[in-house]
Amino acid sequence: MISRKSFRSSSYFSWKKVRISIGCFLMRWIHFCSLLFLIFYSSSWGKSNVFSWSTTAGKYTDLFIGKKKIARYVHERMVPSDRERTYKPFHHVYDEKGEDFLTKGPGGKYSHHRGIYFGFSKCSVIDGAGKKVSVDTWHCKRGYQTHEKFISQVADDQHASHTVEIAWKVDDGTIFATETRTLVFCFDPKQRLQIDFQSILTSEQGEIMLDGDPQHAGFQFRASNEVYEKSADQTFYVRPREGKDKKGATKNWPKDQTMTNLLWKGQGIVAGGKKYFTLYLDHPSNPKPSYYSERDYGRFGSYFKTKIKPNSPLRVQYRLDIGAGELLAEECEKRSQIFLGSKDWK
């Protein structure tokens, strides 16, 4: 006959063995599920949030996240018979769905406006005959820009970047400056696209003057031509001092003397029936003074006047923060401070 004490002891050890068995089973199950997750994540099917590049040789290079298009680098070399369309490389940004461009390409209102672009309408340089000439790399008159090569191109699940070499040329083919242009793409926690633009412009010609005006030089962003055609009256700007302005209102230097040396400026537009907001972030290390311009059709940015020499290149860095909806002035200021506190790339 089994005593109560022996029965309780036997039951206790039996349940202990059951609990140990269940525990071992759960640990094995968790381990098995973890292995499945790793196999799934490492497969191409599981990489839905991984950046990747795809190049159409001699034409353009698209940036994807998963299967959705994020941006495009247009790098077709200049074709004399098709000059206007091919006289400078630039970057497009796609809309939220990755279907249509949020930025402008050739044609439309001011054909020389191209998405994310950089140039100067007044460049004092030396041509192939040794003569001093004025070249315009903004409208690309008497000169042009051409993609020369990819220096690097990387992509992973956190960010994507590429560095390209762009030649600044006189129409006779003389290279008067060489640009190393880097763009870094990532998404912030709120799924806004962050684009860091970095450029180093060098020259072996001696002293070169780079100049223009706020409407025709510098680093600028131009929204889709649809904004000009359909929704310019809905465009608005947010500025550091006064915050959000009324729709359709613009401020430009020199008429408005406050439009200089700004650390940021925001632009709200409507494209494809949806609201988008682009925050333009300047850096104190860029040449100063800087002068700002904005238009209701979607172009805005800043320019400066500077000189470059063989041992003194031009270095600039900007950030564009692009996404659906709208950012308040307080949020714009916060993002500016984050940019100013980020690691210096130089």
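Residues numbered from 1 in each chain as written. Predicted model: local features only at pLDDT ≥ 70, side-chain atom pairs only at ≥ 80, totals over all residues. Heavy atoms only, no water.

## Section: the overall build of the protein
Then comes step 1: Helix and strand counts for the protein stand at 4 helices and 21 strands.
Then comes step 2: Going through the 346 residues of the protein one by one, you find that 48% of them count as buried.
Then comes step 3: Considering only residue pairs separated by 6 or more positions, the protein has 60% of its internal contacts joining residues 24 or more positions apart.
Then comes step 4: Surface summary for the protein: the accessible area is close to 17500 Å², and the carbon and sulfur share equals 55%. (Helix = DSSP H or I, 4+ residues; strand = E, 2+ residues; numbered from the N terminus. Buried < 20%, exposed > 50% of the residue type's maximum accessible area, 1.4 Å probe, protein only. Contact = heavy atoms within 4.5 Å. Areas by Shrake-Rupley, 256 points an atom, 1.4 Å probe, with all protein chains shown as cover.)

## Examining the layout of surface pockets
Then comes step 1: Volume-wise, the largest pocket comes out at about 270 Å³.
Then comes step 2: If you trace the largest pocket, you find 18 residues lining it, with K68, E96, F187, Q191 and L193 closest to the centre. (1 Å grid on protein atoms, 1.4 Å probe; cavity = no way out; pocket = protein on both sides within 12 Å on 5 of 7 lines; lining within 4 Å. Points joined across faces, edges and corners; volume = space filled by probe spheres on them.)

## Overview of the nonpolar core
Then comes step 1: With 53 residues, the main nonpolar core has F120, F176, I195 and L314 as its most contacted residues.
Then comes step 2: With residues near it in sequence (within four places) discarded, F120 still touches V135, D136, T137, W138, W168, L210, D211, H216, A217, G218, F304 and L314.
Then comes step 3: Grouped together as the second largest cluster of nonpolar side chains are 9 residues, F236, V238, L327 and C332 included. (Core = buried A, V, L, I, M, F, W, Y, C linked by side-chain atoms within 4.5 Å.)

## Description of the sheet that holds strand 10 (residues 175–187)
Then comes step 1: Spatially, 9 strands are ordered 8-9-10-11-21-17-16-14-15 in an open sheet, and the strand pairing comes out antiparallel. The sheet is open, and its two edges are formed by strand 8 (143–155) and strand 15 (243–244), each paired on a single side.
Then comes step 2: Along the sheet, helix 4 (residues 329–341) makes contact with strand 11 (193–202), strand 14 (236–239), strand 15, strand 16 (264–271), strand 17 (274–281) and strand 21 (314–324), crossing strand 17 at roughly 40°. (Pairing = 2+ DSSP bridges. Axes fitted to C-alpha atoms, helices over the stretch in contact; angles between N-to-C directions.)

## As for the pattern of salt bridges
Then comes step 1: One pass over the structure, following the stated rule, counts 28 salt bridges.
Then comes step 2: K169 is the partner of E148 in a salt bridge, and the nearest nitrogen-oxygen pair spans 3.9 Å. Of this pair, E148 sits in strand 8 while K169 is found in strand 9 (residues 160–170), placing the two residues 21 residues apart along the sequence.
Then comes step 3: You can call K169 buried: its relative accessible area is 12%.
Then comes step 4: With a shortest N-O distance of 2.8 Å, R335 and E331 are connected by a salt bridge. Here E331 and R335 lie together in helix 4, a separation of 4 residues that amounts to about one turn. Here R335 and E331 have matching classes, each one buried.
Then comes step 5: Counted as one network, the salt bridges with shared partners bring together R239, E242, D245, K251, D256, K265 and E294. (Salt bridge = Lys/Arg side-chain N within 4 Å of Asp/Glu carboxyl O.)

## Focus on the packing of aromatic side chains
Then comes step 1: If you walk through the whole model with that rule in mind, you get 23 aromatic pairs.
Then comes step 2: Measuring from ring centre to ring centre gives 5.7 Å for Y280 and F300, while their planes differ by 55°; the resulting arrangement is tilted. Of the two residues, Y280 is situated in strand 17 and F300 in strand 19 (residues 299–303); the sequence distance between them amounts to 20 residues.
Then comes step 3: Residue class for Y280 comes out buried when judged on its relative accessible area of 0%.
Then comes step 4: The class of F300 is buried, set by a relative accessible area of 1%.
Then comes step 5: Ring centres of Y291 and Y303 lie 5.9 Å apart, and the angle between their planes is 35°; on these two criteria the pair is classed as tilted. Of this pair, Y291 sits in strand 18 (residues 291–294) while Y303 sits in strand 19, and the two are 12 residues apart along the sequence.
Then comes step 6: The ring of Y60 has R72 lying over it, and the distance from NZ or CZ to the ring centre is 3.5 Å.
Then comes step 7: Stacked on the ring of F236, the Lys or Arg K244 has its end atom at 4.4 Å from the ring centre. (Phe/Tyr/Trp six-rings, centres within 6.5 Å; stacked < 30°, edge-to-face > 60°. Lys NZ or Arg CZ within 6 Å of the ring centre and 35° of its normal.)

## A look at the environment of E242
Then comes step 1: As for its position among the elements, E242 is in the loop between strand 14 and strand 15.
Then comes step 2: For E242, a relative accessible area of 37% puts it in the partly exposed group.
Then comes step 3: For E242 and A329, which are 87 residues apart along the polypeptide, the C-alpha to C-alpha distance reads 8.7 Å.
Then comes step 4: Among the polar contacts listed, one links the side chain of E242 to the side chain of R239, at a separation of 2.9 Å.
Then comes step 5: Separated by 3.0 Å, the side chains of E242 and K251 make a polar contact. (Polar contact = N/O pair within 3.5 Å; in protein donor to acceptor, adjacent residues only side chain to side chain.)

## Notes on the sheet that holds strand 20 (residues 306–308)
Strand pairing in a sheet is mediated by backbone hydrogen bonds. Such pairs are either parallel or antiparallel.
Then comes step 1: Across the sheet, 4 strands lie side by side as 7-6-12-20; this open sheet has antiparallel pairing. Looking at which strands have only one partner, the edges of the open sheet turn out to be strand 7 (132–135) and strand 20. Strand-to-strand twist in this sheet, taken as the mean axis angle between neighbours without regard to direction, amounts to 25°.
Then comes step 2: Pairing analysis gives 4 bridges linking strand 6 (residues 122–126) to strand 7, with the strands arranged antiparallel. Opposite V125, over in strand 7, you have V133 as the bridge partner.

## Focus: helix 4
Then comes step 1: For helix 4, which comprises 13 residues, the first-to-last C-alpha distance of 18 Å matches the rise-based estimate of 18 Å (1.5 Å per residue) to within 8%.
Then comes step 2: At its buried positions, helix 4 is contacted by strand 11, strand 16, strand 17 and strand 21. (Expected span 1.5 Å × (residues − 1).)

## Quick word on the confidence of the model for the protein
Should pLDDT be low for a region, the predicted coordinates there are not to be read in detail.
Then comes step 1: Averaged over every residue, the pLDDT of the protein is 90; the share at 70 or more is 85%.
Then comes step 2: Note on residues 34–47: pLDDT under 50 across the span, and 7 contacts to partners over four residues away in sequence or across chains. (pLDDT = per-residue confidence, 0-100.)

## So, the pairing of strand 12 (residues 208–211)
Side-chain direction in a regular strand flips from residue to residue, so the side chains alternate between the two faces of the sheet.
Then comes step 1: Note: strand 6 against strand 12, 3 bridges, orientation antiparallel. Residue pairing in the sheet places S124 in a bridge with M209 of strand 12.
Then comes step 2: Two strands pair when backbone bridges link them, and strand 12 and strand 20 are joined in this way by 3 bridges, in the antiparallel orientation. Bridge pairing in strand 20 places L210 opposite T306.

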